[in-house]
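Residue-level structural notes
Single-letter residue listing:
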Amino acid sequence: YAPLAEIDPEVKNIIDKETWRQFTGLELIASENLTSRAAMEANGSILTNKYSEGLPNARYYGGNEYVDELEILCRKRALEAFNLDPAKWGVNVQPYSGSTANFAALTALIQPQDRLMGLGLPDGGHLTHGYYTAKKKMTASSIYFQSLPYAIVPDTGIIDYAKLEASAKIYKPRLVICGASAYPRDWDYAALKKIANQEGAWLMADIAHTSGLIAAQELKSPFDHCDVVTTTTHKTSPLVPVPDLENAKDLEKRVNDAVFPACQGGPHNNTIAAIATALKQVAQPEWKAYAKQVISNARTLADALVSHGYKLQTGGTDNHLVLWDLRPIGLTGSKVEKVCDLMGITINKNAVSGDASAQVPGGIRLGTSALTSRDMCEEDIKQVAEFLHRAVQISLTLQKEAGSKLLKDFVRVASTPQEGLVGHQQV
Ligand code: PLP
């Protein structure tokens, strides 16, 4: 029962340093958010001790009466969050992460080596949507299935639905996947359903990035058109990083069997508790106001960057993220990410459409979920945009001065903790 600080001061110290980093920096990673204290309490609870392979009331272990109650509650809240009729939709909250939820969905829907089509990674798609390179099939979704990516229209940055339809006619996929990690616009689910139907394919939506905004009805609902929907719960919903996987009722058994025993063992009940707690928060009226603010902040950020003359993919955003194309000013995403790190601004380098190599991405991705969770509004975001503008200008100067004393001085000063910053003990 001794506390972490006593049992393992090394790990405690690392956690303290990370706490300090999170509290003193500006978090703009589009796939991150701040989990509530209540959800973290549930996540760190005694539920971590319990094994419960199987489903509520059909477990392979005894002593699951309370875990059953929990999982049933979590499933009910997940359906309510998306306004889904329990007579029509089932939900599985057991997948360990978004990637395993996606692999379970593929396992449920199609056979090994069947064909699927997802948005290409350089165009904003996720690894688990069939990604491979010319040299290597590097994800389970391309190792165990055949995959042909679809793309965005290079000039507009919008999904090329016409080309997808034409390719699907030739490729004849068994599954079309929509949803993305870096796509700043909403989806035309009706058009995708028509394309999938024409080929007799399933349509799956991975709403990992936008589920919180969809739950708030700020973006279109994929549930009107898709057969299976997967999501993580930690991007636009500030929940712990565990997904749930929702599926039309007649697919329910296939999905449940794909999660366990096909892809996983016992569920992590502590995280199911945290999802349940967070879903309760999503059901509160304040949630809608939060989601609206996330989008308004992202639009403010986009407008501010455009007003400085920068190029954004699609020219703006409908959701929580902005994709900034740095190629017109001659910078790579990695350089700006490094400089931002030194300035206490956390962002990530990201491929933008047409990049010659995914290894040297020409852009950065910015998201407003975490800053909005810290109660930042439009005026704050304008200031953040100014910091980003400065980061880019500094990156340009440093690029010209590569290897110079200026660069070394910058790195030294930026890496030295400044007096007056909140020490991590005080956070
Ligand atoms: N799907 C999408 C669209 C994502 O962006 C991500 C991660 O960022 C995932 C799935 C995978 O989630 P996880 O990292 O929890 O496995």
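Keep in mind the model is a prediction, meaning the values are calculated, not measured.

For the protein, the count of helices and strands is 16 helices and 15 strands. In terms of overall dimensions, the protein is globule-like: its C-alpha atoms have a radius of gyration of 22 Å, near the 22 Å expected for 427 residues. C-alpha extents for the protein along the principal axes are approximately 65 × 60 × 40 Å. Evaluated residue by residue, the protein yields a buried proportion of 51% over its 427 residues. For the protein, the share of sequence-separated contacts (at least 6 apart) that also reach a separation of at least 24 residues comes to 72%. Summed over its atoms, the accessible surface of the protein is roughly 19,900 Å², and 56% of this surface lies on carbon and sulfur atoms. One finds the centroid of the 43 positive side-chain charges in the protein at a distance of 5 Å from the centroid of its 47 negative side-chain charges.

Our focus in this paragraph is the pattern of salt bridges. Going through the model one piece at a time under the given rule, you end up with 19 salt bridges. Arg327 is paired through a salt bridge with Asp355; the nearest N and O atoms lie 3.3 Å apart. Of this pair, Arg327 sits in the loop between strand E12 (321–325) and helix H13 (333–342) while Asp355 is found in the loop between strand E14 (348–350) and strand E15 (363–367), placing the two residues 28 residues apart along the sequence. Its relative accessible area of 15% is what places Asp355 among the buried residues.

On to the site of the ligand, then. Contacts to the ligand come from 13 residues, most closely from Ser97, Gly98, Ser99, Ser181 and Asp206. Gly98 places a polar main-chain atom, nitrogen or oxygen, 3.0 Å from an oxygen atom of the ligand. At a separation of 3.3 Å, an oxygen atom of the ligand approaches a polar side-chain atom of His209. Expressed as a share of its isolated accessible area of 390 Å², the protein-covered part of the ligand is 82%. Per element, the largest residue contribution to the shell around the ligand is three residues, and it comes from helix H5 (residues 98–109).

For the rest of this paragraph, the subject is the side chain of Thr139. Along the chain, Thr139 turns up in the loop between strand E5 (115–117) and helix H6 (140–143). At 2.8 Å, the side chain of Thr139 and the side chain of Ser141 are in polar contact. Excluding residues within four positions of it along the chain, Thr139 makes contact with Leu127, Gly130 and Tyr131.

Moving on, we get to the environment of Ala258. With respect to the helices and strands, Ala258 occurs in helix H10 (residues 252–263). The buried category is assigned to Ala258, whose relative accessible area is 3%. Distance from Ala258 to Ala108, taken between C-alpha atoms, is 5.3 Å for residues 150 residues apart in sequence. Those residues within four positions of Ala258 in sequence are excluded, and the remaining contacts are Ala104, Thr107, Ala108 and Cys263.

In this section: the sheet that holds strand E11 (residues 311–312). Strand order in the open sheet made by the four strands is E11-E12-E15-E14, with antiparallel pairing throughout. Looking at strand neighbours, the two that pair on one side only are E11 and E14, the edges of this open sheet. Sheet analysis places E14 next to E15, joined by three bridges and oriented antiparallel. Pairing of Asn348 across the sheet is with Arg365, part of E15. Sheet contacts for helix H12 (residues 285–307): E11, E12 and E15; angle to E12, the most-contacted strand, approximately 20°. Helix-sheet contacts for H13 involve E14 and E15, and the interaxial angle to E14 is about 170°.

For the protein, mean pLDDT is 92; residues scoring 70 or higher make up 93% of the total. The complex prediction reports pTM at 0.93, with the ipTM value standing at 0.98.

What follows is about the side chain of Ser181. Tracing the chain through its elements places Ser181 in the loop between strand E7 (175–178) and helix H8 (189–198). Once you skip the residues sitting within four places of it in the chain, Ser181 turns out to touch Gly124, Gly125, His126, His209, Leu321 and Arg365.

Here we come to a nonpolar patch on the surface. Taken together, the side chains of Leu4, Val11 and Ile15 make up a nonpolar region of the molecular surface, amounting to roughly 220 Å² of accessible area. Relative to the helices and strands, Leu4 is located in helix H1 (residues 4–7). Judged by its relative accessible area of 38%, Leu4 falls in the partly exposed class.

Packing of helix H4 (residues 65–81) against helix H11 (residues 269–282) brings their axes to within 9 Å, and their N-to-C directions diverge by 35°. Viewed along their axes, H4 and H11 form a crossing whose handedness is left-handed. The residues of H11 that touch H4, namely those facing Val67, Leu70, Glu71, Cys74, Arg77, Ala78 and Ala81, are Asn269, Ile272, Ala273, Ile275, Ala276, Thr277, Leu279, Lys280 and Val282. Classifying every residue of the contact of H4 with H11 gives eleven nonpolar, two polar and three charged.

Cut-off values and rules
- Residues numbered from 1 in each chain as written.
- Predicted model: local features only at pLDDT ≥ 70, side-chain atom pairs only at ≥ 80, totals over all residues.
- Heavy atoms only, no water.
- Helix = DSSP H or I, 4+ residues; strand = E, 2+ residues; numbered from the N terminus.
- Rg over C-alpha atoms; globule rule 2.2 N^0.38 Å.
- Buried < 20%, exposed > 50% of the residue type's maximum accessible area, 1.4 Å probe, protein only.
- Contact = heavy atoms within 4.5 Å.
- Areas by Shrake-Rupley, 256 points an atom, 1.4 Å probe, with all protein chains shown as cover.
- Lys, Arg positive; Asp, Glu negative; His and termini not counted.
- Charge placed at Lys NZ, Arg CZ, Asp CG, Glu CD.
- Salt bridge = Lys/Arg side-chain N within 4 Å of Asp/Glu carboxyl O.
- Near = heavy atom within 4 Å.
- Polar contact = N/O pair within 3.5 Å; in protein donor to acceptor, adjacent residues only side chain to side chain.
- Pairing = 2+ DSSP bridges.
- Axes fitted to C-alpha atoms, helices over the stretch in contact; angles between N-to-C directions.
- pLDDT = per-residue confidence, 0-100.
- Patch = residues over 30% accessible without salt bridge, like charges linked within 9 Å, V, L, I, M, F, W, Y side chains within 5 Å.
- Left-handed = near helix turned anticlockwise from the far one by under 90°.
- Nonpolar A, V, L, I, M, F, W, Y, C, P; charged D, E, K, R; others polar.

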